[in-house]
Amino acid sequence: MTEISILGAGGLTGKELLSLLSHQSTHQVVHITSDKLAGKTLSEVFPEIPFPKNLTFRKHEDPLPRGSLVVLAVPNEVSIEAAPKFLNAGHKVIDLSGVYRLHNREIFEKAYKLEHTRFSYVDKAVFGIPEMFREKLLGADFVSNPGCFSTSVILPVFLLNELRKNLKPRIVADSKSGVSGAGGRTEDSGFSYTGVYENFRAYKVTTHQHEPEIREYVFLKSDLPEPEVIFVPHLLPVYRGILSTIVLEFESEPASDPMEMLLSSSQNEPFVRIRKTPEEIELKKIQNTNFLDISLRRKGNTLVVVSALDNLVKGAAGQALQNINLMTGNPETTGLLP
């Protein structure tokens, strides 16, 4: 049985991971932290999570159980120092922040407005989209979990496989997110329910920190250069879920049918579902699941891909559990399917 420590277990993603782990017996949560909740038991804070109810929140700096796998669900500035410390102490680490995803330091510091003091560790991390990097994730010691928006764009394009060779190096992605995926933990009233009720707006237009992540990984494992990415996130008046519309253009007539390619490349992926039409992609079909739903429609040399995922599950905690399963040699679907 894998013992797991979760730093930042009181946040939205930490809570989601606790909930997922409470419904399986392969992994055991042995240590949880939250500076704000330190001293309180799990049952006091999250009575809806069935177990381990008597586990007590500790401070971030409290010592970890020896040998436990460490999940970092903490702010970027905390992960920068914490990940190397735990790796050097012999722990496997999965980081849910954005600090070990990008391989260009200048781009990272501009996007995150944060000096990266441990940048040499970026090359030690495996980017945690299992459908792309499954072989590297098997037994990995350090995994950088992807962003929620990024997963909703990168993975559908990756699954188009050989068709990517015929694409123009430009991607337009229009993504809508519930408040839990767009800053729901901040004190900014614009991300609160009073800010989204009867409202809809774009935010961080062309400046979102997931844009360079999409740019770096979306054409990876192809011969194409990094594309120009126009990424515009929007804030929906719902709690969870992301729906992305991705516009791609072919240089010339594609050799294969895009839908057939999508069906073929995803047939062995347990968490990818292909819908017949883009109109069938809905948030209610993916909420509280680890599925990524995808469909597409071609018009001439333009391809419109629509995807949806739950930002707290496939976009964060669920994908983290996929990665934990691979890191520890367990079936990838453990704790993630009914």
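Residues numbered from 1 in each chain as written. Predicted model: local features only at pLDDT ≥ 70, side-chain atom pairs only at ≥ 80, totals over all residues. Heavy atoms only, no water.

The name given to the protein in an unreviewed UniProt entry is N-acetyl-gamma-glutamyl-phosphate reductase, with the source organism recorded as Leptospira gomenensis. For the record of the protein, the UniProt heading Subcellular location (unreviewed entry) holds the text "Cytoplasm". (UniProt positions renumbered as here; feature names shortened; annotations may be inferred.)

**Considering the pattern of salt bridges**
Applying the stated rule across the entire model yields 21 salt bridges. Among the salt bridges present, the one from Glu213 reaches Arg101, with a minimum N-O distance of 3.0 Å. Remark: Arg101 occurs in the loop between β5 (93–95) and α4 (105–112) and Glu213 occurs in helix α8 (residues 210–217); sequence separation between them is 112 residues. A residue is classified by how much of its surface remains accessible, and Arg101, at 4% relative accessible area, is buried. (Salt bridge = Lys/Arg side-chain N within 4 Å of Asp/Glu carboxyl O. Helix = DSSP H or I, 4+ residues; strand = E, 2+ residues; numbered from the N terminus. Buried < 20%, exposed > 50% of the residue type's maximum accessible area, 1.4 Å probe, protein only.)

**As for the packing of aromatic side chains**
Working definition: an aromatic ring pair is given by the centre-to-centre distance plus the angle between the planes. Under the definition given, this model contains 7 aromatic pairs. Measuring from centroid to centroid gives 5.3 Å for Tyr100 and Phe142, while their planes differ by 70°, and the two rings are edge-to-face. Placement of Tyr100 in the loop between β5 and α4 and of Phe142 in strand β7 (residues 142–144) is noted, with a sequence separation of 42 residues between them. As far as burial versus exposure is concerned, Tyr100 and Phe142 are alike and both buried. Taken together, the ring pairs connect Phe127, Phe133 and Tyr217 into an aromatic cluster. Just above the ring of Tyr121 sits the side chain of Lys124; from NZ or CZ to the centre is 5.4 Å. (Phe/Tyr/Trp six-rings, centres within 6.5 Å; stacked < 30°, edge-to-face > 60°. Lys NZ or Arg CZ within 6 Å of the ring centre and 35° of its normal.)

**Notes on the UniProt feature "domain: Semialdehyde dehydrogenase NAD-binding" (unreviewed entry) in the protein**
Here, UniProt's "domain: Semialdehyde dehydrogenase NAD-binding" (unreviewed entry) annotation points to residues 3–140. From the first C-alpha to the last, residues 3–140 spans 16 Å; its make-up is 31% helix and 17% strand.

**Comments concerning the sheet that holds strand β12 (residues 272–274)**
Spatial ordering of the open sheet is given by β9-β10-β8-β11-β14-β13-β12, a layout of 7 strands whose pairing is mixed. The outermost strands of the open sheet, each flanked by one partner alone, are β9 (201–202) and β12. Both β12 and strand β13 (residues 292–299) contribute to a ladder of 3 bridges, which runs parallel. By the bridge assignment for β13, Arg273 is matched with Asp293. With respect to the sheet, helix α6 (residues 148–158) is in contact with β8 (170–177), β10 (228–235), β11 (242–249), β12, β13 and β14 (302–309), its orientation differing from that of β11 by roughly 40°. (Pairing = 2+ DSSP bridges. Contact = heavy atoms within 4.5 Å. Axes fitted to C-alpha atoms, helices over the stretch in contact; angles between N-to-C directions.)

**Considering the UniProt feature "active site" (unreviewed entry) in the protein**
The residues that UniProt annotates with the feature "active site" (unreviewed entry) are Cys148. By the secondary structure assignment, Cys148 is in helix α6. In this view, Cys148 contacts Gly181, His210, Ile242, Leu309, Asn311 and Gly315; residues no more than four positions away in its chain are not counted.

**Considerations on the packing of α4 against α8**
Two elements in contact, α4 and α8, have axes separated by 9 Å at closest approach and are oriented at 150°. Classed by the angle they form, the pair α4 and α8 counts as roughly antiparallel. On α8, the residues that touch Ile107, Ala111 and Tyr112 of α4 are His210, Pro212, Glu213 and Arg215. For the contact of α4 with α8, the class distribution of residues is 4 nonpolar, 1 polar and 2 charged. (Parallel < 35°, antiparallel > 145°, perpendicular 65-115°, else oblique. Nonpolar A, V, L, I, M, F, W, Y, C, P; charged D, E, K, R; others polar.)

**What about the pairing of β10?**
For β10, the tally of buried residues reaches 6 of 8 residues, placing the bulk of the element in the interior. Inspection of the sheet shows β8 paired to β10 by 8 bridges, in the parallel sense. In the strand pairing of β10, Ser175 is matched with Pro233. Examined bridge by bridge, β9 and β10 share 2 bridges and lie antiparallel to one another. Paired with Ala202 across the strands is His234, a residue of β10.

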